[in-house]
Amino acid sequence: MSQKNKHITELMSLANEVKPLIEALASEMAVITTRMAELEALGLIYASEYWRKDSDGQPKYFYLLYPLKQGEPRRRDYIGCDPARIEAARQGA
């Protein structure tokens, strides 16, 4: 078998291995998309936690920072230091 035919055979073998991987990734993506839609219906918020430090450098005041949107100032929601409010914010309530 010539070197060229060997390479072609190798490439065909690799191509046959790729198709099941792509199908598995497409299936996984569908599951993730469905789960994200469920979370958004339940009230998922796209915010990250930020702790403002006190004078001693310890975390004290809790904020939710939302992603930037073009042309708008960044949204920051003050939650405070009440443990119940912090937990409610973390749960998305």
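These figures come from a predicted structure and were not determined experimentally. (Residues numbered from 1 in each chain as written. Predicted model: local features only at pLDDT ≥ 70, side-chain atom pairs only at ≥ 80, totals over all residues. Heavy atoms only, no water.)

Peer 1: Lay out the overall build of the chain in plain terms, naming residues and giving numbers.
Peer 2: Helix and strand content of the chain: two helices and three strands. Going residue by residue from the N terminus, the α and β elements of the chain occur as α-β-β-β-α. In terms of principal-axis extent, the alpha carbons of the chain reach across some 75 × 35 × 30 Å. Pairs at least 24 apart in sequence give 13% of the contacts found in the chain among residues at least 6 apart. Surface summary for the chain: the accessible area is close to 7900 Å², and the carbon and sulfur share equals 58%. (Helix = DSSP H or I, 4+ residues; strand = E, 2+ residues; numbered from the N terminus. Contact = heavy atoms within 4.5 Å. Areas by Shrake-Rupley, 256 points an atom, 1.4 Å probe, with all protein chains shown as cover.)

Peer 1: Explain the packing of aromatic side chains to me, using residue names and the numbers behind them.
Peer 2: With the rule as written, the count across this model stands at four aromatic pairs. With 6.4 Å between their ring centres and 40° between their planes, Tyr61 and Tyr78 make a pair best called tilted. Note that Tyr61 is positioned in strand β2 (residues 59–65) and Tyr78 in strand β3 (residues 76–80), a separation of 17 residues in sequence. A residue is classified by how much of its surface remains accessible, and Tyr78, at 44% relative accessible area, is partly exposed. The structure contains a cluster of three or more aromatic residues connected by ring pairs, namely Tyr50, Tyr61, Tyr63 and Tyr78. (Phe/Tyr/Trp six-rings, centres within 6.5 Å; stacked < 30°, edge-to-face > 60°. Buried < 20%, exposed > 50% of the residue type's maximum accessible area, 1.4 Å probe, protein only.)

Peer 1: So what's going on with the nonpolar core? Which residues, and what values?
Peer 2: With six residues, the main nonpolar core is built from Phe62, Leu64, Tyr66, Ile79, Ile86 and Ala89. Elements that contribute at least two residues to this core include exactly β2 and α2 (83–91). Discounting chain neighbours no more than four positions away, the residues touching Tyr66 are Ile45, Tyr46, Ala47, Arg74, Arg75 and Asp77. (Core = buried A, V, L, I, M, F, W, Y, C linked by side-chain atoms within 4.5 Å.)

Peer 1: How would you explain the pattern of salt bridges if you had to name every residue and give the values?
Peer 2: Counted under the stated rule, the structure contains three salt bridges. Glu49 is paired through a salt bridge with Arg90; the nearest N and O atoms lie 2.8 Å apart. Within this pair, whereas Glu49 is found in strand β1 (residues 48–53), its partner Arg90 is found in helix α2, the two being separated by 41 residues in sequence. Glu49 sits in the partly exposed class, given a relative accessible area of 44%. For Arg90, a relative accessible area of 42% corresponds to the partly exposed category. Residue Arg75 pairs with Asp77 through a salt bridge whose shortest N-O separation is 3.0 Å. (Salt bridge = Lys/Arg side-chain N within 4 Å of Asp/Glu carboxyl O.)

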